[in-house]
Amino acid sequence: MAELVSDADATKLAAQARAIERFGAVLATLDGVALPADEPDALKRMKRGAALHGVMAARGCRRDDDLRTMAREWVRGMLEATYPLEKAASRAHFANAGDRALCKTLNECYDAAAAWAADDLVPALGLVPPENSSDEQRPSADAPPAAVPEAEAKRLIQEA
């Protein structure tokens with residue numbers, strides 16, 4: 001007998017399926033990148049996240065916690081594993097062959113993970129993004145500088 005699903009549950013299941021499907025593209029951003037073996041914990045996290053993705057892609061998402069764990073493990077592992085690569089390229093001032101291409105790939109991975117989290121993970125978990133989150137605490141380029149108190153202005157003039 002078929003199980004009846006409410007519209008809200010159907011919407012959530014569809015959002016979860018979309019998040020799982022689209023996470024595959026995030027995983028693929030690091031295809032071909034040789035991650036450092038001296039970061040075994042980071043690599044284990046990435047493998048755990050990727051394994052969870054594989055299970056959920058095959059069977060579906062059973063719980064929100066599985067989706068959270070998949071994202072947390074892979075993203076944390078990815079950040080820990082890629083940091084030494086980015087740091088080495090930066091310290092060498094991108095002089096070594098492939099440094100710029102590597103950093104471009106890493107930036108694409110970071111951007112893909114951030115976009116996936118905002119566009120797919122947040123809705124799949126039923127979270128509400130903060131209003132105007134992209135404009136938060138960012139002054140306009142046309143905004144005048146903050147006013148200096150009169151006493152501070154007098155002190156600065158006298159010191160000059």
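Look a little higher up for the structure.
Structure report, in brief. (Residues numbered from 1 in each chain as written. Predicted model: local features only at pLDDT ≥ 70, side-chain atom pairs only at ≥ 80, totals over all residues. Heavy atoms only, no water.)

**Structural notes on the packing of helix H2 (residues 40-59) against helix H3 (residues 64-91)**
At a minimum axis separation of 7 Å, H2 and H3 run at an interaxial angle of 145°. Note that H2 runs across H3; the crossing there is left-handed. Counting all contacts with H2, which are made through Ala42, Leu43, Arg45, Met46, Arg48, Gly49, Ala50, Leu52, His53 and Met56, the residues of H3 involved are Asp66, Leu67, Thr69, Met70, Glu73, Trp74, Arg76, Gly77, Met78, Glu80 and Ala81. Each residue belonging to the contact of H2 with H3 can be placed in one class, and the counts come to eleven nonpolar, four polar and six charged. (Axes fitted to C-alpha atoms, helices over the stretch in contact; angles between N-to-C directions. Helix = DSSP H or I, 4+ residues; strand = E, 2+ residues; numbered from the N terminus. Left-handed = near helix turned anticlockwise from the far one by under 90°. Contact = heavy atoms within 4.5 Å. Nonpolar A, V, L, I, M, F, W, Y, C, P; charged D, E, K, R; others polar.)

**Quick word on the nonpolar core**
Phe23, Leu30, Leu67, Trp74, Met78 and Trp116 are the most contacted members of the largest nonpolar core, which totals 27 residues. Counting residues per element, the ones that place at least two in this core are helix H1 (7-28), H2, H3 and helix H4 (99-124). (Core = buried A, V, L, I, M, F, W, Y, C linked by side-chain atoms within 4.5 Å. Buried < 20%, exposed > 50% of the residue type's maximum accessible area, 1.4 Å probe, protein only.)

**Describing the pattern of salt bridges**
In the structure shown here, the tally under the stated rule is nine salt bridges. Between glutamate 73 and arginine 48 there is a salt bridge, and its shortest N-O distance comes to 2.8 Å. Taken together, the positions of glutamate 73 in helix H3 and arginine 48 in helix H2 put the pair 25 residues apart, joining distant regions of the chain. Of the charged contacts, one joins glutamate 80 and arginine 76 as a salt bridge, the two residues approaching to 2.9 Å between their closest N and O atoms. One end of the pair, glutamate 80, and the other, arginine 76, are both in helix H3, four residues apart, so they sit about a helical turn from each other. A residue is classified by how much of its surface remains accessible, and arginine 76, at 43% relative accessible area, is partly exposed. Taken together, the salt bridges that share partners define one network made up of Arg18, Arg22 and Asp120. (Salt bridge = Lys/Arg side-chain N within 4 Å of Asp/Glu carboxyl O.)

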